[in-house]
Amino acid sequence: MKQYVCTVCGYTYDPAEGDADHGVAPGTAFEDLPADWACPLCGVSKDLFEEA
């Protein structure tokens, strides 16, 4: 699965790790994240992420 990087703060979403602090299980593809998911570091929306 592909990783995605926040264009604002540089946070990398790694599907292998998920985002446990926000209820996203490991193995969740970026495309499958909830529509209201936001960068855990700076809070921007998914549309400000780019494929790594």
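Chains are numbered independently. Their residues run from 1 in the order of the written sequence. With pLDDT at 70 or above as the cut-off, local features in this predicted model cover only qualifying residues; side-chain atom pairs require 80 or more to be listed or tallied, and sums for whole chains, interfaces and linings still use all residues. Note: side-chain values were computed over all heavy atoms of the structure, leaving out hydrogens and water.

Asks: Help me understand the pattern of salt bridges, please; the structure alone is not making it clear to me.
Replies: When their charged atoms lie close together, side chains carrying opposite charge are able to pair. Each salt bridge in this description consists of a side-chain nitrogen of Lys or Arg and a carboxyl oxygen of Asp or Glu lying within 4 Å of one another. Under the defined criterion, the tally for this structure stands at one salt bridge. We note a salt bridge from E51 to K2, for which the minimum N-O separation is 3.8 Å. A residue pair is termed long-range when its members are at least 10 positions apart, and E51 in strand β3 (residues 49-51) and K2 in the segment before β1 (4-6) qualify at 49 residues. Relative accessibility decides the category of a residue: with a 1.4 Å probe and only protein chains considered, values under 20% of the type maximum give buried, values over 50% give exposed, and everything between is partly exposed. On the accessibility criterion, E51 (46% relative accessible area) is partly exposed. By the criteria applied, helices consist of DSSP H or I runs no shorter than four residues and strands consist of E runs no shorter than two, each listed in order from the N terminus.

Asks: Would you take a moment to explain the packing of aromatic side chains for this structure?
Replies: For any two aromatic rings, the description comes down to two numbers: the centre-to-centre distance and the angle of the planes. Two aromatic rings from Phe, Tyr or Trp, using only the six-membered ring of Trp, form a pair when their centres are within 6.5 Å; if the ring planes differ by under 30 degrees the pair is stacked, by over 60 it is edge-to-face, and anything between is tilted. Per the stated rule, a full pass over the model turns up seven aromatic pairs. An angle of 85 degrees between the planes, with centres 6.3 Å apart, marks the rings of F30 and W37 as edge-to-face. Comparing F30 with W37, the two get one shared label, buried. Measuring from centroid to centroid gives 5.4 Å for W37 and F49, while their planes differ by 55 degrees, and the two rings are tilted. Note that W37 is positioned in the loop between β2 (12-13) and β3 and F49 in strand β3, a separation of twelve residues in sequence. Here, a charge over a ring means that NZ of Lys or CZ of Arg falls within 6 Å of the ring centre while also lying within 35 degrees of the ring normal. Sitting above the plane of the F30 ring, K46 keeps its charged end 5.5 Å from the centroid.

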